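Geometric and topological summary
Single-letter residue listing:
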Amino acid sequence: MRRLALLLRARRDELHGIWMATLKGAVGEEYRDVLASALGVRLVRGIVEDLVVLSQAEAYEVPGIMARIESEAAGDAARRGALGFELMDVIAGVQQVRAAIWKVLIDALVVGDLPGFGETMEEMQQIDAFIDLLVRVEVRGFLEGRLRPPAAATDDR
């Protein structure tokens, strides 16, 4: 997935802009406002950077990298769940990154920046699998955040 990951990195501002446009109607207005902040930039850039890191990693490094990615994604989703956001909004936010990636790839195809069809499809299958994993991890993290009991109040008397 190396070539597509690097292409997405080079076009990450375009990716972010397309992603923001795809969020309208896909997530609630309140959550879209949150994603319009630095949080949304961090989310999209984080996914792209994780793809780049994974594409350049040696096989023995991948399990540790994946453990970090899963831990961070679950933690972020847990915080959003604890804040009262809707699960469908959190998941749709990640799913819309996939939609934005496809739009960026179409633009890259038009200008001739994509690798061959077979290589592109193979790498995109890897990216799809990565995003599918993020969705599963975020669902788990979100539910844990919702189920976590509120911090106990302390009595300072």
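Moving on: the layout of surface pockets. Estimates place the volume of the largest pocket at around 290 Å³. Those elements giving two or more residues to the lining of the largest pocket turn out to be helix 4 (38-56), helix 5 (62-82) and helix 7 (117-147). The residue makeup of the lining of the largest pocket, split by class, is seven nonpolar, one polar and nine charged.

On the surface, a cluster of nonpolar side chains totalling about 310 Å² of accessible area is made up of I106, V110 and V111. Within the fold, V110 resides in helix 6 (residues 87-110). The exposed category is assigned to V110, whose relative accessible area is 69%.

Structurally, the position occupied by L43 is in helix 4. Residue L43 is classed as buried on the basis of its relative accessible area, which comes to 13%. As a C-alpha pair, L43 and Y31 span twelve residues in sequence and 13 Å in three-dimensional space.

Turning our attention to the pattern of salt bridges. For the structure shown, the criterion picks out 13 salt bridges. Of the charged contacts, one joins R68 and D50 as a salt bridge, the two residues approaching to 3.1 Å between their closest N and O atoms. Highlighted residues: R68 in helix 5 and D50 in helix 4, separated in sequence by 18 residues. Residue classification places R68 among the partly exposed positions, given a relative accessible area of 33%. Relative accessible area serves as the criterion here: at 13%, D50 is assigned to the buried category. Between E144 and R140 there is a salt bridge; the shortest N-O distance is 4.0 Å. Of the two residues, E144 and R140 both sit in helix 7, four residues apart, roughly one turn of that helix.

Judged by nonpolar contacts, the single largest core of 48 residues is most densely connected at W19, L51, I101, I127 and F130. Looking at this core, the elements with two or more residues in it are helix 1 (2-10), helix 2 (12-23), helix 3 (29-35), helix 4, helix 5, helix 6 and helix 7. Sort the elements by how many residues they give to this core and helix 6 lands first, with ten residues. If we skip the residues at most four places from it in the chain, I101 touches L8, L15, M124, I127 and I131.

Calculation criteria
Residues numbered from 1 in each chain as written. Predicted model: local features only at pLDDT ≥ 70, side-chain atom pairs only at ≥ 80, totals over all residues. Heavy atoms only, no water. 1 Å grid on protein atoms, 1.4 Å probe; cavity = no way out; pocket = protein on both sides within 12 Å on 5 of 7 lines; lining within 4 Å. Points joined across faces, edges and corners; volume = space filled by probe spheres on them. Helix = DSSP H or I, 4+ residues; strand = E, 2+ residues; numbered from the N terminus. Nonpolar A, V, L, I, M, F, W, Y, C, P; charged D, E, K, R; others polar. Patch = residues over 30% accessible without salt bridge, like charges linked within 9 Å, V, L, I, M, F, W, Y side chains within 5 Å. Areas by Shrake-Rupley, 256 points an atom, 1.4 Å probe, with all protein chains shown as cover. Salt bridge = Lys/Arg side-chain N within 4 Å of Asp/Glu carboxyl O. Buried < 20%, exposed > 50% of the residue type's maximum accessible area, 1.4 Å probe, protein only. Core = buried A, V, L, I, M, F, W, Y, C linked by side-chain atoms within 4.5 Å. Contact = heavy atoms within 4.5 Å.

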